[in-house]
Amino acid sequence: VGPQTRPEQVLVALALARHLGCTTLRTLAPGGVAARVMAAGRSAAQRLFASGENAGAITAVLADYGLGPLGPQGDGAGAVAVSRERSDKIAARVLSAMANEGARMIEEGVVTRPSDVDFAVVAGGGFARWQGGPMFWADQRGLLILRRDLAVWAWEAPEIWTAAPLVVDLVSSSRHFADLDRV
């Protein structure tokens, strides 16, 4: 929904979607919320690959989250066995980028709340429903850890891992993304 969209047009679209049995998400994101969050994950995966991580390892780890290959291609692109420690490292990098992008979208008013991001990524991006989405993942892991990790990684690719101000604000006020869903 853009600023030029008339309220009656929105109501007609919502009524049609309900009639068709569809669930809707009101957003200001051209191209969709899921596409933007997935692009952030793809950038992180490509950065990992460029820094020497095996494409097959990245693919194997992301498959646990219902995510297909997010970009890295090359030798060893087939799924491989990955240690728990390595798996956690890969997942943390990619999912942190996705959660950070979700936080940016909330700040920009593209979506209203973190659960909107999770819904979009689960419904439209292939994220495994049982994993809950990147915002849920970040809350479960801890926003203090997210902020710390983003600060450590930001020098490598600031456009991916510089912490969104919302993440910093939530940590400083001892809140979680889920707290924003209750507002």
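As the structure is a prediction and not an experimental result, all values here were calculated from the model. (Residues numbered from 1 in each chain as written. Predicted model: local features only at pLDDT ≥ 70, side-chain atom pairs only at ≥ 80, totals over all residues. Heavy atoms only, no water.)

> Would you explain unusual backbone geometry in this entry?
Most of the time, phi is negative for any residue but glycine, and the peptide bond is trans. At S174, a position not held by glycine, the phi torsion is positive, near 55°. Following the sequence through the fold, S174 ends up in the loop between α9 (165–172) and α10 (177–181). (Helix = DSSP H or I, 4+ residues; strand = E, 2+ residues; numbered from the N terminus.)

> Help me understand the pattern of salt bridges in this model?
Oppositely charged side chains may form a pair once their charged atoms are brought near each other. On inspection of all chains with the given rule, the structure shows 12 salt bridges. Between E108 and R36 there is a salt bridge whose closest N-O contact spans 2.9 Å. Note that E108 is positioned in the loop between α4 (84–107) and α5 (114–125) and R36 in helix α2 (residues 33–50), a separation of 72 residues in sequence. Residues E156 and R93 are paired through a salt bridge, measuring 2.9 Å at the closest nitrogen-oxygen approach. Of this pair, E156 sits in the loop between α7 (143–153) and α8 (158–161) while R93 is found in helix α4, placing the two residues 63 residues apart along the sequence. With a relative accessible area of 10%, R93 lands in the buried category. (Salt bridge = Lys/Arg side-chain N within 4 Å of Asp/Glu carboxyl O. Buried < 20%, exposed > 50% of the residue type's maximum accessible area, 1.4 Å probe, protein only.)

> What's the story with the nonpolar core in this structure? I'm lost.
In a soluble, globular protein the nonpolar side chains are often hidden away together inside. If you look at the biggest cluster of nonpolar residues, it comprises 47 residues, and the most contacted ones within it are M98, W161 and F177. Ranked by the residues each element gives to this core, the list is headed by α4, at 11 residues. Those residues within four positions of W161 in sequence are excluded, and the remaining contacts are A44, R47, R93, A97, N100, L150, W153, A154 and E156. (Core = buried A, V, L, I, M, F, W, Y, C linked by side-chain atoms within 4.5 Å. Contact = heavy atoms within 4.5 Å.)

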